[in-house]
Amino acid sequence: MHDHPFVSEAHEGKPWFEWLVGGVVAVSVIVAALGYTMAATVIISVAAIVTGLLRLIMRERSPWKVRSVAFDSFVGIALGVGLLVSYLAIRMLS
């Protein structure tokens, strides 16, 4: 009868924290639109690294949950570091 995965909001992240992350992304978009692309990239990168570290440190009590602790932590930290490295590499080429 249940052929799809069970989804429960009790196991997901906290909406207030997700809105906070969304606000950080919106601020980054505004900063980028004003022409400060490096600052916008740093804002997104730091937010990704912080959410990854928060998930790693707080584990199941973390307000930021998408999948497993390992997945969330890896994706957050790797995205943050990858964005910074990519941005700096592109800047060095130009």
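Parameters at a glance
Residues numbered from 1 in each chain as written. Predicted model: local features only at pLDDT ≥ 70, side-chain atom pairs only at ≥ 80, totals over all residues. Heavy atoms only, no water. Patch = residues over 30% accessible without salt bridge, like charges linked within 9 Å, V, L, I, M, F, W, Y side chains within 5 Å. Areas by Shrake-Rupley, 256 points an atom, 1.4 Å probe, with all protein chains shown as cover. Salt bridge = Lys/Arg side-chain N within 4 Å of Asp/Glu carboxyl O. Helix = DSSP H or I, 4+ residues; strand = E, 2+ residues; numbered from the N terminus. UniProt positions renumbered as here; feature names shortened; annotations may be inferred. Axes fitted to C-alpha atoms, helices over the stretch in contact; angles between N-to-C directions. Parallel < 35°, antiparallel > 145°, perpendicular 65-115°, else oblique. Left-handed = near helix turned anticlockwise from the far one by under 90°. Contact = heavy atoms within 4.5 Å. Nonpolar A, V, L, I, M, F, W, Y, C, P; charged D, E, K, R; others polar.

**Re a nonpolar patch on the surface**
- A grouping of Met-38, Val-42, Val-46, Val-50 and Leu-88 is seen on the molecular surface, where their side chains present a nonpolar patch of about 390 Å² in accessible area.
- When residues of the nonpolar patch are assigned to their parent elements, the largest contribution, 4 residues, is made by helix α2 (residues 37–58).

**Looking at the UniProt feature "transmembrane region" (unreviewed entry) in the protein**
- The positions UniProt marks with the feature "transmembrane region" (unreviewed entry) are residues 24–57 and 69–90.
- The annotated region residues 24–57 carries 91% helix and 0% strand content, and the separation between its end C-alpha atoms amounts to 21 Å.
- The span residues 69–90 carries 100% helix and 0% strand; its end-to-end C-alpha distance comes to 31 Å.

**As for the packing of α2 against helix α3 (residues 69–93)**
- At a closest axis distance of 7 Å, the pairing of α2 and α3 adopts a crossing angle of 160°. With respect to α3, the element α2 is oriented roughly antiparallel. α2 and α3 meet at a crossing whose hand is left-handed. Contact residues: α2 offers Thr-37, Met-38, Thr-41, Val-42, Ile-44, Ser-45, Ala-48, Ile-49, Gly-52, Leu-53, Arg-55 and Leu-56, while α3 offers Val-69, Asp-72, Ser-73, Gly-76, Ile-77, Leu-79, Gly-80, Val-81, Leu-83, Leu-84, Tyr-87 and Leu-88.
- Looking at the contact of α2 with α3 residue by residue, the classes come out as 15 nonpolar, 7 polar and 2 charged.

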